[in-house]
Amino acid sequence: MINQSDIYNWLGETDPDRLTELWELADDVRGENVGDEVHLRGLLEFSNRCVRPCAYCGLRAENRDLQRYRMTPDEILACARKATELGYGTVVFQSGQDQAMTGQWLAEIIERITEQLPLAITLSVGERTAEEFALWRRAGAGRYLLRFETSDPALYDLTHPGLDGGRLNRFTILHTLRRLGYELGSGVMVGIPGQSFRTLARDIEMFAKLDLDMIGSGPFIPTPNTPLGENSDAFPPAERQVPNDELMSYKVIALTRLICPQANIPTTTAVATLDGPEAYELGLRRGANVIMPNITPPEYRRLYAIYPDKAGVNQDDDYHERLKKMITAVGRRIGVGRGDSPNYRRVSKCAL
Ligand code: SAH
């Protein structure tokens, strides 16, 4: 099993032949553990409202230039139906931390979908109460994504201030979600100012310690109108600062596969934003087995502006067909059904 110092060394590797070895190793481990199926998850960004002041994110509450929206339950249901028609087995509901959205409101949508459609539901709606997580689990949501963003507590506090000055701990929330029987997803941003190679190696090791079922990471992209988009002195680079580039992002995907062989690992939109559409293909060849096509209606998609020029904002209707062709062209199959994480099935952590 790969350890923290191996990870650290790989992160600093620049030799092209050695890197080819890393990609091949990750691809082999992917094939042996999760097979050739590529699972497609329809990503629905249903609300960009947010109460939080995260220093990296364009949805932060202080960003008053952004027009805010929350889709109606009927609009959400129509998108979920479209995901089913496109052959996706999962919808991922993502939003800012929309505190005006009640737990009950979301629970009713989850219930309607699980009654009417054969979809697995993943939630990614931020830091909510244990009662709400339990309510949504009972309503039928099976998976939750909450990136811990960085394992360095000082960097976390700086980039992710608590509300009312309170300190928050996403690790505590991840444990609550696990206890409730969710299939558990997390991840980090790659190249946040102040993130050193040592920290990133620790982040990746943390994926295994948390025994994550789904792990999505992507490059940090500076966003205008945010403290981290404005070259602030408050965020000096680390001594060995991690670059927020595509190569480093692929290394993180590959190393994540080596340390968590059975996890579901997406090749994320942020990598495609930096590296163009072929990023999805490269991610699939370097350890990933999941793609999350955006199914948000275009008029809302452009408002879900976590960072600028997000890939897929101008995605057309042919996109889904092209994606399927690309998957076949790289010698893989489109996953059928829910595509639960083998890591989750292995331990059967369903504690409900
Ligand atoms: N409110 C939810 C969903 C946030 S958006 C939550 O906080 O969990 C999902 C992810 O987008 C975040 O977890 C973060 O890692 C990523 N993200 C936000 N701003 C970003 C930026 N500027 N560059 C790269 N990734 C970003």
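Residues numbered from 1 in each chain as written. Predicted model: local features only at pLDDT ≥ 70, side-chain atom pairs only at ≥ 80, totals over all residues. Heavy atoms only, no water.

**Q** Just to check I follow, could you spell out the environment of Phe-133 for this structure?
**A** One can find Phe-133 in helix α5 (residues 130-139). For Phe-133 and Tyr-182, which are 49 residues apart along the polypeptide, the C-alpha to C-alpha distance reads 9.1 Å. What Phe-133 contacts, discounting residues up to four positions off in sequence, is Gly-126, Glu-127, Arg-128, Tyr-144, Ile-173, Thr-176, Leu-177, Leu-180 and Tyr-182. (Helix = DSSP H or I, 4+ residues; strand = E, 2+ residues; numbered from the N terminus. Contact = heavy atoms within 4.5 Å.)

**Q** Explain the pairing of strand β3 (residues 120-124) to me, please; I cannot follow it from the model alone.
**A** Note on strand geometry: in a regular strand, side chains alternate between the two faces of the sheet. The element β3 is extensively covered by neighbouring structure, given that five of its five residues are classed as buried. Taking every second residue as pointing to the same face, both faces of β3 are buried, with Ala-120, Thr-122 and Ser-124 on one and Ile-121 and Leu-123 on the other. Handedness of the β-α-β unit built from strand β2 (residues 90-95), helix α4 (residues 103-116) and β3 comes out right-handed. Summarising the sheet, β3 and strand β4 (residues 143-145) pair through two bridges and their orientation is parallel. Across the sheet, the residue bridging to Leu-123 is Tyr-144, located in β4. Traced from β3 through α5 to β4, the parallel crossover comes out right-handed. (Buried < 20%, exposed > 50% of the residue type's maximum accessible area, 1.4 Å probe, protein only. Right-handed = clockwise from strand over helix to strand, strands pointing away. Pairing = 2+ DSSP bridges.)

**Q** How should I be thinking about the packing of helix α8 (residues 197-209) against helix α9 (residues 246-259) in this particular structure?
**A** Helix packing geometry: the angle between the two helix axes and the distance between the axes. Viewed as axis vectors pointing N to C, α8 and α9 meet at an angle of 35°, and their least axial separation amounts to 9 Å. You can see that α8 and α9 cross each other, and the crossing is right-handed. Here α8 contributes Phe-197, Leu-200, Ile-204, Glu-205, Phe-207 and Ala-208 to the contact with α9, which in turn contributes Met-248, Val-252, Leu-255, Thr-256 and Ile-259. (Axes fitted to C-alpha atoms, helices over the stretch in contact; angles between N-to-C directions. Left-handed = near helix turned anticlockwise from the far one by under 90°.)

**Q** I'm lost on the pattern of salt bridges in this one. Help?
**A** Side chains that differ in charge, positive against negative, can pair when their charged atoms come close. One pass over the full model with this rule turns up 16 salt bridges. Across the pair Asp-27 and Arg-30 runs a salt bridge, and its minimum N-O distance is 2.8 Å. One end of the pair, Asp-27, and the other, Arg-30, are both in helix α2 (residues 16-34), three residues apart, so they sit about a helical turn from each other. Note on Arg-30: relative accessible area 4%, which makes it buried. (Salt bridge = Lys/Arg side-chain N within 4 Å of Asp/Glu carboxyl O.)

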